[in-house]
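This is what each chain is made of:
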Amino acid sequence: MPDAPIFVIEDDPSECIEQANTSVLPAWKVLIVDDDPEVHEATILACGSFEFEHRPLNLLSAYSGTEARTVLQDHPDVALLLLDVVMETSQAGLELVKYVRTTLNNQIIRIILRTGQPGEAPELDVIRDYDINDYRLKIDLTRQRLLTTVITTLRSYRDLVTLDATNKELDTLYSQQIVANQKIERQQQELIAQNQALTIAKQQAVKANQAKSVFLGNMSHELRTPLNAVLGYTQLLAREPQLQAFTKELETINRCGKHLLVLINDVLDLSRIDSGQVVLNIDTFSFHELLKTLKDIWTTKAQHKGLDYQLEWGSDLPHYVRTDEGKLRQVLMNLLSNAIKFTEQGHITFRIHQTAVEPSKLNEGPHLPLTPHYWLNFEVRDSGPGISAKELEHIFHPFIQGEQARSIVDEGTGLGLAISHQFVSLMGGNLSVTSSLGAGSCFKFSVPVEQAQACVKTPLVEKAKVTSLAPNQPTYRILVVDDQPDNCSFLTKLLGIVGFEAQAVYSGEAAVSKWLDWHPHLIWMDIRMDGQDGYETTEQIKADSSAPTPVIVALTAFAFEEDKEKALALGFDDFVRKPFQESEIFEKLATHLGIEYLYDGEGPPQPEVLSPLTSEQLEFIERDQLQHLYDAALSLDPNRTAHLLAELPTGHEGIRKQLLSLSDNFRFDIIIQLIEPLVGSSVQ
C-alpha cells in the first residue's frame, strides 16, 4: 500500500485554552502506526479527549513503518506506540519494534501490538521473540479496553521515565562521587603525609619535652641538694647555746637561703609552665584562714615600712572553697609582696568580693575539674611609683620589671608577675593591671571556685621551736637514708638533740640491712642515690614481712607534684621536699608516729650526763674499723667520721652517740687518745 502523509490530530483551540488553564504539564505523545485510516479515526475518536493524570494525549499518526521511523526521530519522547503488524510488508510492524529497541535503543517507549491478522503474527511467538508490552486483536479492542490499555502503559511509561531520570541522576552522582573519591583519596594521601610529618614532629616534641623534664628535674635536684645542707645546718646551729651571739647572722643566712629557694622555684615554675607541665591541684581549704594568714603576714611588713595596709572583704565570702590553694596563695603573695616592696609611702588596699557564676557562661571558659558557684574577685591597689603605658604592654612577660620599680628596689628576677598571670589563667581567670606613672597600680583578677561544706584539712597550729620529746614516750628509732653525708649529718644531729635515736646510712642496700637489724620506726628515704635508689629500696622493704614494716617518708630534692604522686604510688607513706624546715620534720613524725613534743619555754629536760669514754669501751670495734676511724680523726674530717660511726655494730648506741658528739664538737684529740692504745702497733 502506498505511503500516506502523516496525519496528526490537533486539539481544538478552545480545548487547548482550557487545558492550558488547567494544566502546565506536557501532553502524552501517542503514535498510531497503521495503514488503515479507519483505525486512526477510531482511535482518535476513542482517545482524543482522554486525559491521564491531568495530562491530555497528543495523538501522532503514521501509515507505515517507514513513516513511523521519521516520526520517532522527530519525537523521541513518544510515550506509547499503537502498532499494526501487517502494513507495507507482512513484518513491517515487527521490524519497527526491532528498530525502536535496537537501533534507537529506546527501552522506555511502551509498544502495544494491534493486529487484525493474528495468523501473520501469532501471539505467543511475538511475545517471546519481540520486546513488546501488550498484544491485542483489533476486533477485541473496545473503547473501554483501549483506554484501560492506554492507562496501564502510560503508567508504566511514567514509572520508567522517573526511573530513568533517577538512574541518570544516580549516574551523575556516581560520576561526581568518583571525582570526589579521587579528590578525597588525594587529600587522604596528603593527610597521611601531613600526619606522618606531625607524628614525627610530635615524637620529636615529646622527646624534647622529656629531655626538658629530665633537665628540670635534675636542675631542681642539683640546686636543692646543697641548699638543703645550707638551710639545715643554719637551723641546727641556731640551736647551739654558744652561738647565740650569732643569732642575727644565722637568721641572715637562713633568710638568704630561703630567698634563693624562692628564685629557684620561680625559674623552675616558669620553665614547667612553658612546657605545659603545670596542672591544677584542686583541694578544699578554708578561704577565711588564707585571708587571715595574708593579713597577719603583710600587716606587719606594711607597718614596718610605715604603710597603711587595708584588707577589705564582704561578710558573704564563702568559708570553705575548692580550687588550687597553692597557686592562689602564690599569686596573692606575689601581688602583695610587689605592692609593699615598691611602695615607699601611702597605702596598700587588698579587696575581695564574690559574684555568682551565671549558668549560661559555665561552658565559655576553660574546662575545670570542679563545679563553679562563685567568682572570687581580687584587687590589690597601691600608691607606688606606677608603670608607664609602654611597660604595661610587656609587664606579664618573663624577666620584665618597670623602670620606676627598679629605681626603688633593684632586686628580683621579674618572674613573679609572669608566673602569676599563667597561674590565674590556669585557674580559669585573667590577671589584668591598670596603672600610670606617679599614680600607683591596681592589679585585678577573678577565679571561679566551688563552694565546699567543710574543710578536709586541719590547719597547722603555729608552735614554738621543738626542744625535746615529751616525757613518758617510748624511744623512737629513726633511720636517715641519703648518699650525701652532709644531709644525713645535720638531720641525725637535729633528731638526736630532740631525743630521737637516729642513725644514718648512705645507700639503699645499707638501708635494707639496717632495717632488718635495727627495726626503725620511721625511715627518711632519699630517692636519687647511687646503686639502689629510694624507689627500689622502699619497694623491697614494704614487700618483706620478715621485720616490722616502718613508716617511710620520701625526703628528696625532687620537688614537682608528679614526683610526689609517683612516690606515694610506689609505696612511700609521705613526701617532704628539700630544702625543708625543721618544723616539717617534726610535724611528719608527729603525724605518723603520734609523737608529742616539748616546745621552747616549756621547760626542756636536763641534758643527760654521760661518763667519759675509755679505750676499753671501744674494744668491740674491729681493728680495721678502728684504724679508719683513727685516720679520719687525724684528718679532722667530721663527715667521714660520721659515716664510719654509722657503720658500727648495733648494741652500742650510747658509745656511738658519744663519739659522734666528740666529732661534732671537733674533739678529735679525745678520739685519737681513745683509739691509739688499740691500734698503737700500726701508728707511725
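The notes below deal with the structure included here. (Residues numbered from 1 in each chain as written. Predicted model: local features only at pLDDT ≥ 70, side-chain atom pairs only at ≥ 80, totals over all residues. Heavy atoms only, no water.)

A closer look at the overall build of the protein
Piece 1. From N to C terminus, the protein includes 21 helices and 20 strands.
Piece 2. Expressed as a percentage of the 684 residues in the protein, the buried residues total 43%.
Piece 3. Contacts spanning at least 24 positions in sequence make up 73% of the contacts within the protein whose residues lie at least 6 apart.
Piece 4. Split by element, the accessible area of the protein, about 36,100 Å² in all, is 53% carbon and sulfur. (Helix = DSSP H or I, 4+ residues; strand = E, 2+ residues; numbered from the N terminus. Buried < 20%, exposed > 50% of the residue type's maximum accessible area, 1.4 Å probe, protein only. Contact = heavy atoms within 4.5 Å. Areas by Shrake-Rupley, 256 points an atom, 1.4 Å probe, with all protein chains shown as cover.)

Concerning helix α4 (residues 92-103)
Piece 1. Restricting attention to buried positions, one finds in α4 the residues Ala92, Gly93, Leu94, Leu96, Val97, Tyr99, Val100 and Arg101.
Piece 2. Tucked into the core, α4 has its buried residues touching β1 (28-33), α3 (65-74), β4 (80-84), β5 (110-115) and α5 (123-129).
Piece 3. Trailing α4 by a residue or two, asparagine 105 shows a phi angle of about 55°, which is positive.

Describing unusual backbone geometry
Piece 1. In this structure, the amide linkage connecting lysine 578 to the following residue, proline 579, adopts the cis form with an omega of -10°.
Piece 2. Within the secondary structure layout, proline 579 lies in the loop between β19 (574-577) and α17 (582-593).
Piece 3. Positive phi, normally seen in glycine, also occurs at glutamate 53, with a value near 55°.
Piece 4. Tracing the sequence through the fold places glutamate 53 in the loop between β2 (51-52) and β3 (55-62).
Piece 5. With a relative accessible area of 34%, glutamate 53 lands in the partly exposed category.
Piece 6. Despite not being glycine, histidine 519 shows a phi value in the positive range, around 55°.
Piece 7. Within the secondary structure, histidine 519 is located in the loop between α14 (508-518) and β17 (522-525).
Piece 8. Using a relative accessible area of 31% as the deciding quantity, one classes histidine 519 as partly exposed.

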